[in-house]
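Given next are the chains, with one letter for each unit.
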Amino acid sequence: CDVVINTLNVSRTSDNPWAQLRSPEDLISRSIQNVLEVIEGKNTKRIIVMGVLGAGESRKKMPLIFNLIVSLSNLKYAFDDHTRQEELLSNSNSNWTVVRLPFLSDIEGEQEILVKRNDINPFKHKINRESVARFLLTILEDEEHHKSIVAISN
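Residues numbered from 1 in each chain as written. Predicted model: local features only at pLDDT ≥ 70, side-chain atom pairs only at ≥ 80, totals over all residues. Heavy atoms only, no water.

(A) Broad picture of the overall build of the chain. For the chain, the helix and strand inventory stands at four helices and seven strands. The N-to-C order of helical and strand elements in the chain reads β-α-β-α-α-β-β-β-β-α-β. Computed over the C-alpha atoms, the radius of gyration of the chain is 15 Å, within 12% of the 15 Å expected from 2.2 N^0.38 for a compact globule of 154 residues. Across its three principal axes, the chain shows a C-alpha extent of roughly 45 × 35 × 30 Å. In the chain, buried positions account for 44% of the 154 residues. Of the accessible surface of the chain, which amounts to about 8,800 Å², a share of 53% is contributed by carbon and sulfur atoms. Both charge centroids of the chain, one from 19 positive and one from 21 negative side chains, sit 4 Å from each other. (Helix = DSSP H or I, 4+ residues; strand = E, 2+ residues; numbered from the N terminus. Rg over C-alpha atoms; globule rule 2.2 N^0.38 Å. Buried < 20%, exposed > 50% of the residue type's maximum accessible area, 1.4 Å probe, protein only. Areas by Shrake-Rupley, 256 points an atom, 1.4 Å probe, with all protein chains shown as cover. Lys, Arg positive; Asp, Glu negative; His and termini not counted. Charge placed at Lys NZ, Arg CZ, Asp CG, Glu CD.)

(B) Structural context of the layout of surface pockets. By volume, the largest pocket amounts to about 1,000 Å³. Every residue lining the largest pocket is counted, 35 residues in all, and those nearest its centre are V52, F79, P102, F103 and L104. Tallied by class, the residues present in the lining of the largest pocket amount to 21 nonpolar, eight polar and six charged. In this structure, the second largest pocket encloses a volume near 210 Å³. Elements represented by at least two residues in the lining of the second largest pocket include exactly α1 (27-39) and α3 (75-90). Sorting elements by how many residues they give to the lining of the second largest pocket places α1 first, with four residues. Broken down by class, the residue content of the lining of the second largest pocket amounts to three nonpolar, six polar and three charged. (1 Å grid on protein atoms, 1.4 Å probe; cavity = no way out; pocket = protein on both sides within 12 Å on 5 of 7 lines; lining within 4 Å. Points joined across faces, edges and corners; volume = space filled by probe spheres on them. Nonpolar A, V, L, I, M, F, W, Y, C, P; charged D, E, K, R; others polar.)

(C) Just α3, in detail. Taking 1.5 Å per residue as the helical rise, α3 with its 16 residues ought to reach 22 Å, and the 23 Å between its terminal C-alpha atoms agrees with that figure. Taken together, the buried positions of α3 are occupied by L75, A78, F79, D81, H82, T83, Q85, E86 and L89. As for α3, its buried residues are in contact with β1 (3-6), α1, β2 (46-52), α2 (64-72), β3 (96-101) and β7 (148-153). (Expected span 1.5 Å × (residues − 1). Contact = heavy atoms within 4.5 Å.)

(D) Inspection of the nonpolar core at higher detail. Grouped together as the largest cluster of nonpolar side chains are eleven residues: I48, M50, V99, L101, I127, V132, F135, L136, I139, V150 and I152. At the level of elements, β2, β3, α4 (129-138) and β7 are the ones that each hand at least two residues to this core. If you tally residues by element for this core, the top one is α4, at three residues. Listed in part, the ten residues of the second largest apolar core include I39, I47, L89 and I149. (Core = buried A, V, L, I, M, F, W, Y, C linked by side-chain atoms within 4.5 Å.)

(E) Layout of a nonpolar patch on the surface. Among the surface-exposed residues, W18, L64, I65, L68, I69 and L72 lie close enough to one another that they form a single nonpolar patch of about 650 Å² accessible area. Looking at the element boundaries, W18 is found in the loop between β1 and α1. (Patch = residues over 30% accessible without salt bridge, like charges linked within 9 Å, V, L, I, M, F, W, Y side chains within 5 Å. Salt bridge = Lys/Arg side-chain N within 4 Å of Asp/Glu carboxyl O.)

(F) Fine view of α1. In this model, α1 (13 residues) spans 18 Å end to end at C-alpha, consistent with the 18 Å of a helix rising 1.5 Å per residue. All of the buried residues in α1 are I28, S29, S31, I32, L36 and I39. Seen along its axis, α1 keeps its buried residues to an arc of 160°; they face one direction. In α1, the exposed positions angled more than 90 degrees off the buried face are occupied by E37 and V38. Those residues of α1 hidden inside the fold are in contact with β1, β2 and α3. Immediately downstream of α1, the backbone of G41 shows phi near 80°, a positive value. (Arc of directions from axis to C-beta.)

Now the structure itself:
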């Protein structure tokens, strides 16, 4: 395996932030830990994971109302697990990239992709799924984002 692309997320029974979890609350971090163990000593060149704005140090930069909703709802499990995933990757010897996303939209068609490193403001609050897929594939061969966290939006 040359490349691992992980787009997993902790799942709920509906889009309601308080909806019951459908997946384990540590699905993301447990999965990436398994990947890291499997590829150790192998020739895997890249690990690219889909993350979320509001994980890790970006939580402090998010609006207060956002942080309140996350901390009081079942969204906290996904955000906390994305943070654990980032910690596992940053402590590994792998060539990783975390791509933090805002809200996903179903808008079709090619749209401009804004890329930010280490800073989320000013930033748009949505990105369409096609843009995410295109960006993940674009950075496969790109060395600019090795061992880094980037945020993208439309």
